[in-house]
Amino acid sequence: MKIKEVKELETKDLVEKLENAEIALDKMKLNHQVTPLENPSQIKVARRDIARMKTELRQRELNK
């Protein structure tokens, strides 16, 4: 998810996507520990997407 896409989302939708992404990342990490993923760089991409969403939420909070 690009930063442009994150900025276009409503705050409510962004929070929902963030929660879903964090759950998916936890599942991905657990699955990777049991049986290695074909593409382990997916974990890095997911972490960065979560960071982008958290950053945007924090910026919105500060700009109120």
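Predicted model, so just to flag it, every value in this text is computed and none were measured. (Residues numbered from 1 in each chain as written. Predicted model: local features only at pLDDT ≥ 70, side-chain atom pairs only at ≥ 80, totals over all residues. Heavy atoms only, no water.)

Trainee: Looking at this structure, how should I read helix H2 (residues 11-34)?
Mentor: Residue pairs spaced three or four apart in an α-helix point in one direction, given the helix's 3.6 residues per turn. Between its terminal C-alpha atoms H2 stretches 35 Å, which fits the 34 Å expected from 24 residues at 1.5 Å a residue. Where H2 is buried, its residues touch helix H1 (3-8) and helix H3 (41-62). (Helix = DSSP H or I, 4+ residues; strand = E, 2+ residues; numbered from the N terminus. Expected span 1.5 Å × (residues − 1). Contact = heavy atoms within 4.5 Å.)

Trainee: I'm lost on the pattern of salt bridges in this one. Help?
Mentor: Any two side chains of opposite charge can pair, given that their charged atoms come close. The final tally for this structure, using the stated rule, is four salt bridges. For lysine 54, the salt bridge goes to glutamate 22, with nearest N and O atoms at 3.4 Å. Here the residue lysine 54 occupies a position in helix H3, and glutamate 22 occupies one in helix H2, the gap between them amounting to 32 residues. Between glutamate 56 and arginine 60 there is a salt bridge whose closest N-O contact spans 3.0 Å. Taken as a pair, glutamate 56 and arginine 60 lie in helix H3 at a separation of four residues, close to a single helical turn. Neither glutamate 56 nor arginine 60 differs from the other in exposure class; each is buried. (Salt bridge = Lys/Arg side-chain N within 4 Å of Asp/Glu carboxyl O. Buried < 20%, exposed > 50% of the residue type's maximum accessible area, 1.4 Å probe, protein only.)

Trainee: Would you take a moment to explain the UniProt feature "coiled-coil region" (unreviewed entry) in the protein chain for this structure?
Mentor: The positions UniProt marks with the feature "coiled-coil region" (unreviewed entry) are residues 4-63. Secondary structure across residues 4-63 divides into 85% helix and 0% strand, with the first and last C-alpha atoms of the span separated by 18 Å. (UniProt positions renumbered as here; feature names shortened; annotations may be inferred.)

Trainee: How should a negative patch on the surface be read in this particular structure?
Mentor: Side chains of Glu10, Asp13, Glu16 and Glu19 sit close together on the surface and give a patch of like negative charge. For glutamate 16, the location among the structural elements is in helix H2. Note on glutamate 16: relative accessible area 47%, which makes it partly exposed. (Patch = residues over 30% accessible without salt bridge, like charges linked within 9 Å, V, L, I, M, F, W, Y side chains within 5 Å. Areas by Shrake-Rupley, 256 points an atom, 1.4 Å probe, with all protein chains shown as cover. Lys, Arg positive; Asp, Glu negative; His and termini not counted. Charge placed at Lys NZ, Arg CZ, Asp CG, Glu CD.)

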